[in-house]
Every structure is written in C-alpha cells, then in structure tokens.
Amino acid sequence: MPELPEVETIKNDLRAKIVRKKITALELTNKGSVRLTNDFEKKIVQAFFVEINRKGKLLIFKLSGGDYLLIHLKMTGQLIYQARQRGKDIYIAGGHGQEMEDLPNRHTRIILRFADNANLYFNDLRKFGYWQLVNEAELQKVLAKYGPEPLEKEFKKKYLQKIFQKTSRLIKAVLLDQSLIAGIGNIYADEILFAAAVRPDRRAASLSEGEIEEIWKNSRTVIKNAIKYRGTTFNNYRDAEGRKGNYVQKLKVYGRKNLQCLRCGHKIIKQKIAGRGTSYCEWCQK
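Parameters and conventions
Residues numbered from 1 in each chain as written. Predicted model: local features only at pLDDT ≥ 70, side-chain atom pairs only at ≥ 80, totals over all residues. Heavy atoms only, no water. Phe/Tyr/Trp six-rings, centres within 6.5 Å; stacked < 30°, edge-to-face > 60°. Buried < 20%, exposed > 50% of the residue type's maximum accessible area, 1.4 Å probe, protein only. Helix = DSSP H or I, 4+ residues; strand = E, 2+ residues; numbered from the N terminus. Lys NZ or Arg CZ within 6 Å of the ring centre and 35° of its normal. Pairing = 2+ DSSP bridges. Axes fitted to C-alpha atoms, helices over the stretch in contact; angles between N-to-C directions.

### Quick look at the packing of aromatic side chains
Part 1: Overall, the coordinates contain 3 aromatic pairs when judged by the stated rule.
Part 2: When the ring of Phe 122 is compared with that of Trp 131, the centres are 5.7 Å apart and the planes differ by 55 degrees; the resulting orientation is tilted.
Part 3: With a relative accessible area of 0%, Phe 122 lands in the buried category.
Part 4: Given the relative accessible area of 0%, Trp 131 is considered buried.
Part 5: When the centroid spacing of 5.9 Å and the interplanar angle of 50 degrees are considered together, the rings of Tyr 188 and Tyr 247 count as tilted. On the criterion of sequence distance, the pair formed by Tyr 188 in helix 6 (residues 186-196) and Tyr 247 in the loop between helix 7 (209-228) and strand 10 (269-273) is long-range, its members being 59 residues apart.
Part 6: Its relative accessible area of 6% is what places Tyr 247 among the buried residues.
Part 7: Between the NZ or CZ atom of Arg 263 and the centre of the ring of Phe 194, over which it lies, the distance is 3.9 Å.

### Quick word on the sheet that holds strand 7 (residues 108-114)
Part 1: An order of 1-7-8-5-6 is seen for the 5 strands of this open sheet, with the pairing classed as antiparallel. Two strands in the sheet have a free side with no partner beyond their single neighbour: strand 1 (23-28) and strand 6 (88-95). Recorded for the sheet is a direction-independent mean angle of 15 degrees between the axes of neighbouring strands.
Part 2: Relative to strand 8 (residues 119-124), strand 5 (residues 77-85) runs antiparallel, the two being bridged by 6 bridges.

So, in structure tokens, the structure goes:
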C-alpha cells in the first residue's frame, strides 16, 4: 500500500497535470469503487479540479463546484494519467504497479476524460480502493478521524508521550493507527522503530521518555527523507512521472529478512506483529 511519502509524490505530480483541466466524461466499470453519493457523475462531469491535497494516505481533489473527491488507493489502487504528446501516448502513474498498456484493461474501475483528450484511469486489482464525493462539512468529519502527520506542527513529543502512556497496545500497532498518527504504514513503521532502536513488539506504555523522543525525532526524519527520495518502490510502484521511488535504497530493515543488520551485523528477522509482517533486529532494537 502506498504510504504518506508515495501519496505525497502522487499528489504533487498529478497536481501539475490535471488541475484546471475540464472533465468531459466519467466512465464507471465497477460501481463498488464509488462510495454511494447522490449525483456523483453530475457533480464531476463538466467540472475541473481546483486543487489536490492529501491527509495521511487519502488524496483530496477539490472540484470547481465546491465539493471534494476523495480517493484512497488502499492495497492495490493506481492512478494512471494518459495523454497524447508529440504523436504518441504518454503514460504516467502512481500507486501499486499494474499494466499501463492497452488502457482501459481488466483492472480499470473508473475513467475520467478531459477536454484535451487526456485521461485519468483508476485501476485496482483487489477492488479495495475507493472514490467518494463529499461536501465541506463531510470533508471535515473525515479529516477529524485522522491524527497529526509526522511533519505537522501538532506532532510533538508531548503528543506521543500522551498517546503512548494511555495504551497497553504494541508500539507497532500504535504507529499504524491512522486515528493517532496519519500516514505511517508498514514500511515506515519498521524503519522508524529501527532508527529509534526500539523493538516493534514493545508495549507503548513501557517506553521511556528518551525512547519516545527517539521515535518522535525519527518519525519526522524518516518520512521527510522518504518524501525527498519520492517514496519506496515495491511491486513495480511508479510515481506520477513513471519513475521509481528511490527510498528503497535507504531501507534498513524492511524487505531485508535474513540479511545482516547494517548497525550490528546480526540477521534481520521477520515476524507477524500487530497483524503485519514486521522486520527488525532483535539484537540492537531493545
């Protein structure tokens, strides 16, 4: 699943391609990909996107009519922008890697067509992703369900101390809880905890003030660097320019099962923790 850095990259790159382009048609090949909304097609067709924003892993497209289109890629969603340039089709994509040729293909669920003959395809292999149209009040209710992101000013060390001290849950589970901290998924939770030298199976309430500070500091550092390098490439992930995320070269534990720990030399292990496959070093993470 694309996490905060990948979705931030998608947001920034698509913003340069589709903002202010008039939408002339919507084709829905899988009704389940749209959360039921009255007048969904009516409010989108003939409108244009004023802005594209993001909260956590959720993309937020503001429409010229005042409503907002929410898109969540979930596990296998992908947005593919296709345009005709210099006599040939150009495909750029962001999200889980799938076929980008012969569009629409068997995984295409939604198509937006623009006045300049460009298209935006929503492909989703497992059909977990969704599109939803909301008004301003409904958007605020959705956003209220998210905690602060690691790079937002509300994400302070005192905030982490408060939420950690109140729960007996595993620290890995707390980091993945979008209602507490928005945008961190499995990849970056593992990387943050390795950088902080904290085991993912520790109880959050057991952490010392110093350990909490390390998690707070490294949450910001890891996410900032992952955005800088355009996210992590797995399963043929491409950003909206068709480029791979370069942060894969910076990973210390995720995807490195049985390889030597880059800090102490022992083997990285992988176990299911908080319901997710979790990679860590049992020697230097305490």
